[in-house]
Amino acid sequence: MSILVDQQTRLIVQGITGRDGSFHTKQMLAYGTQVVGGVTPGKGGQTTEDGLPVFNSVAEAVAETQANATVIYVPARFAAAAIKEAADASVPLIVCITEGIPVLDMVEAYHHVQKQGCRLIGPNCPGAISPGKAKIGIMPGIIHIPGRMGVISRSGTLTYEIVHALTERGVGQSTCIGVGGDPIVGSSFRDLLPLFEQDPDTDAVVLIGEIGGDEEERTAEFIGSEMSKPVYAYIVGQTAPEGKRMGHAGAIVSGGAGTAASKIQAFSDVGVPVARTIDELADTAAKAHRPSA
Amino acid sequence: MKIHEYQAKDLFRDYGIPVPPQRLATTPEEVEAAAREFGGTVAVKAQVHVGGRGKAGGIKVVADAAAARDAGEKILGMDIKGITVKKVAVVESDAEIVEEAYLGIILDRAVKGISFICSADGGVDIEEVAAKTPERILTFHTTSDAFPEEQAREVAGRLFSKAETAAAVLDVMRGLFKLFREKDCSLAEINPLVLNNRDEVVALDGKINFDENALYRQADILELRDMDEEDINEIEAKEKGLSFVQLDGDIGCMVNGAGLAMATMDMINFFGGEPANFLDVGGSSNPDKVVHAFKLLTSNPKVKAILVNIFGGITRCDDIARGILESYAQIDIALPIVIRLGGTNAEEGMAMLNDTPLITASSFESAVKKAIAAAKGEAV
């Protein structure tokens, strides 16, 4: 198994005719993802270069293709509406890559998705990949190898860096997820860790947190009380100055809250080892979980 | 994005929240004229974005126009946490304060909505109140665009000891909520909200922050941006599609991705160096961006060495190397540059950089160590 994405995933791409959408559709197809169509309002009836049908609406696309997942590459000012449209069509998994969505738009979209009973990953995220099976998003498939380590992070390239370090050490991954760097994201660490806990093909989880909010603190509580599988953590932003947004809209220390120190303490308190460097994180995970080949 | 107190109070007034009359002044003469216009007691308040103005001597309450002029002379030009005061607000302060309360609205990630933070203890640091006497803080939240009428009613009567103030407080709450939503705020705070001896509920001081992602639809708010308060490098970087934050160290960093950029700063720190900045060049190998990034880094006189840390994902490292070579050819850089490429086509990329003065490193850690050594003037 794995979580969220696999060979059974039937994916549509919202914004499939745009620059990013068309490029990443090719990448996802090349990785083996079952992409079954796309949506661009006004371009319904067309066929993409890759021979995929384009629809005017998500509802139409779902009816025609039996899609069970969607990935969103539409510009920030239209992305929240795209998320709501996918939820209205009851697509069970919605992954939003788009960066820069106004946060009040996301408040509304988030609760809309909850009400419809769908799962949203992102926005402002790289997506999710189950190595060797399928990927939804923008991560480079080539750095991943199949295995039994779950990876969950708020970041993009930093996640690739860590996956790469795991792969170099022979530690394969079950599923790798970037939850997104915005203050409001569809699924948190706390929401997704139970899926790893229940997945028979995941042995342990590498978690990469960052400054801002109290997501890591709440996640630590869950790990301490309900998680039996080992978690290895790494927190970035220890040298970030207070009150400055560090690239990610959500990565900001304000009023002394959201600091790296507080997050490291929370994990340490529940026995989760917090690595000081990426190599240390990968070494620790590899020592405990490298397949004894 | 932040704005000044006087701008926040202008917005409050637009949304029906009572504020005392105020005038903006940039010279002691203007301060005096405003004080004369109001007659009676006025407050002269430094307009800077940093907190702690009062403690720094940036706020003076004076009895007449002559004293106001003196206060203006002292405050204008004063340095508050590294920022020179260029303007002051002159605020009519005749009414006596009877009680001070706190009212704030924040974007609350925990509830994924908008939270109201209220306290009968105003005029002090609300974080301190929250830490020392959490029972003195009343909160409620909403996740829809409708004003949470019922909860607001319950709290409105508890901010001041006079129960008759409830209706006025409720109006302030409504106005602040409307402002928060319509102007895409991430924080809107009135501290203190006072009850004065005329039985009026008035916003004496305020602070508003706006969601940067929504500024495209808030043209009037964007006009309130005070360039004197902004780091010009950060603004310029943003226009070029870079994300940049100035720090104090001597190792300039150029990294792709915000998370990796933070990790790079942390690693430099961990191995005993000091990062000069946070810089995310994003996912592209566009030479223009890289050129601008190099210019930014080299314009900082503190920078002794530059560390380029790139992890190629969909973007291939050989493309990135090409971009770096191209931009390196365009600008004259005397500083040592350590470069590390990882991920897709890293080896090809590194090979292209072999015959250049760039110092190459095979891993993140070794790159960081080399950059620290280079910044100290050691041979690498």
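**Focus: the overall build of chain B**
Along chain B, the regular secondary structure elements total 13 helices and 18 strands. With the C-alpha coordinates of chain B rotated into their principal frame, the extents come out at 80 × 50 × 40 Å. Within the span of chain B, comprising 380 residues, buried residues form 54% of the whole. Of the contacts formed within chain B by residues at least 6 apart in sequence, a portion of 66% connects residues at least 24 apart. Accessible surface, chain B as shown: approximately 15900 Å² in total, 48% of it carbon and sulfur. In chain B, the 41 positive side-chain charges and the 61 negative ones have mean positions that sit 1 Å from each other.

**Topic: the pairing of strand E7 (residues 127–130) of chain A**
All names here are of chain A. Side chains of E7 alternate between two faces, with Gly-127 and Ile-129 and Ala-128 and Ser-130 buried alike. Bridge count for E7 against strand E8 (residues 134–137) is 4 bridges, and the pairing is antiparallel. Bridging across to E8, Ile-129 finds its partner in Lys-135. Adjacent in sequence and paired antiparallel, E7 and E8 are bridged by 3 residues, among which Gly-132 carries a positive phi angle near 80°. Where E7 meets strand E10 (residues 173–178), 3 bridges bridge the pair, whose relative direction is antiparallel. Each bridged residue has a counterpart across the sheet, and for Ala-128 the counterpart in E10 is Ile-177.

**Some details on the sheet that holds strand E1 (residues 10–14) of chain A**
Residue and element names in this part refer to chain A. With respect to topology, 6 strands assemble into an open sheet ordered E3-E2-E1-E4-E5-E6, the strand pairing being parallel. The sheet is open, and its two edges are formed by strand E3 (54–55) and strand E6 (119–121), each paired on a single side. For E1 and strand E4 (residues 69–72), the ladder comprises 4 bridges, and the chain directions are parallel. Paired with Val-13 across the strands is Val-71, a residue of E4.

**Section: helix H11 (residues 317–330) of chain B**
Spacing of three or four residues puts side chains on the same side of an α-helix, whose turn is 3.6 residues. Relative to the 20 Å expected for 14 residues at 1.5 Å per residue, H11 of chain B spans 20 Å between its end C-alpha atoms, a close match to the ideal helical length. Those residues of H11 of chain B lying buried are Cys-317, Asp-318, Ile-320, Ala-321, Gly-323, Ile-324, Ser-327 and Tyr-328 of chain B.

**As for the domain arrangement of chain B**
One frequently used descriptor of interface size is the decrease in accessible area upon assembly of the parts. We note that the domain assignment places domain 1 (21–92), domain 2 (97–222) and domain 3 (232–375) within chain B. Taking the mean C-alpha position of each, domain 1 of chain B and domain 3 of chain B sit 44 Å from one another.

**Some thoughts on the pattern of salt bridges**
Tallying each qualifying case throughout the model produces 44 salt bridges over all chains. The salt bridge involving Glu-217 of chain A is made with Lys-263 of chain A; its shortest N-O contact spans 3.2 Å. Pair noted here: Glu-217 of chain A is in helix H7 (residues 215–226) and Lys-263 of chain A is in helix H8 (residues 260–269), with a separation of 46 residues, a long-range link. According to the relative accessible area criterion, Lys-263 of chain A is buried, its value standing at 0%. As a salt-bridge pair, Asp-318 of chain B and Arg-316 of chain B come within 2.9 Å of each other at their nearest N and O atoms. Three or more residues are tied together by salt bridges with common partners; here these are Glu-5, Lys-9, Lys-45, Arg-53 and Asp-205 of chain B.

**Let's talk about the nonpolar core**
Of all hydrophobic cores here, the largest spans 96 residues; its most connected members are Ile-152, Val-206 and Tyr-234 of chain A. Top contributing element to this core by residue count: helix H9 (residues 258–270) of chain B, with 8 residues. Of all hydrophobic cores here, the second largest spans 73 residues; its members include Phe-55, Val-62 and Ile-83 of chain A together with Phe-160 of chain B.

**Regarding the confidence of the model for chain B**
Any region with low pLDDT has predicted coordinates that should not be read closely. Confidence in the prediction for chain B averages 92 pLDDT; 99% of positions are at 70 or higher. This complex was scored by the predictor with a pTM of 0.91 and an ipTM of 0.88.

**Section: the interface of chain A and chain B**
Contact with chain A, which involves 56 residues of that partner, is made by 44 residues of chain B. In total, about 4100 Å² of surface goes out of reach between chain A and chain B, with carbon and sulfur atoms giving 63% of it. For the interface between chain A and chain B, the tally reads 2 salt bridges. Note that Arg-217 of chain B and Asp-105 of chain A form a salt bridge whose closest N and O atoms lie 2.9 Å from each other. Summed over the shared surface of chain A and chain B, the result is 9 residue pairs in polar contact (both at pLDDT 80 or more). Among the elements that line the side of chain A that touches chain B, the one with the most residues is helix H4 (residues 103–116) of chain A, at 6 residues. Among the residues making up the side of chain A that touches chain B, the classes are represented as 27 nonpolar, 17 polar and 12 charged.

**Some points on helix H9 (residues 278–289) of chain A**
Residue and element names in this part refer to chain A. The first and last C-alpha atoms of H9 sit 16 Å apart over 12 residues, in line with the 16 Å expected at 1.5 Å per residue. Those residues of H9 that fall on the buried side of the exposure criterion are Ile-278, Leu-281, Ala-282, Ala-285 and Ala-286. The buried side chains of H9 occupy one side of the element, clustering within an arc of 125° when seen end-on.

**What to know about the environment of Leu-11 of chain B**
Residue and element names in this part refer to chain B. By the element assignment, Leu-11 lies in helix H1 (residues 5–14). Given the relative accessible area of 7%, Leu-11 is considered buried. Spatially, the C-alpha atoms of Leu-11 and Gly-206 are 9.9 Å apart, while their sequence positions differ by 195 residues. Apart from residues lying up to four places away in sequence, Leu-11 is in contact with Ile-3, Leu-179, Ile-208, Phe-210, Ile-221 and Leu-224.

Basis of the calculations
Residues numbered from 1 in each chain as written. Chains lettered and ligands numbered in written order. Predicted model: local features only at pLDDT ≥ 70, side-chain atom pairs only at ≥ 80, totals over all residues. Heavy atoms only, no water. Helix = DSSP H or I, 4+ residues; strand = E, 2+ residues; numbered from the N terminus. Buried < 20%, exposed > 50% of the residue type's maximum accessible area, 1.4 Å probe, protein only. Contact = heavy atoms within 4.5 Å. Areas by Shrake-Rupley, 256 points an atom, 1.4 Å probe, with all protein chains shown as cover. Lys, Arg positive; Asp, Glu negative; His and termini not counted. Charge placed at Lys NZ, Arg CZ, Asp CG, Glu CD. Pairing = 2+ DSSP bridges. Expected span 1.5 Å × (residues − 1). Domains from an automatic or database assignment. Salt bridge = Lys/Arg side-chain N within 4 Å of Asp/Glu carboxyl O. Core = buried A, V, L, I, M, F, W, Y, C linked by side-chain atoms within 4.5 Å. pLDDT = per-residue confidence, 0-100. Buried area = accessible area lost by both parts, 1.4 Å probe. Polar contact = N/O pair within 3.5 Å; in protein donor to acceptor, adjacent residues only side chain to side chain. Nonpolar A, V, L, I, M, F, W, Y, C, P; charged D, E, K, R; others polar. Arc of directions from axis to C-beta.

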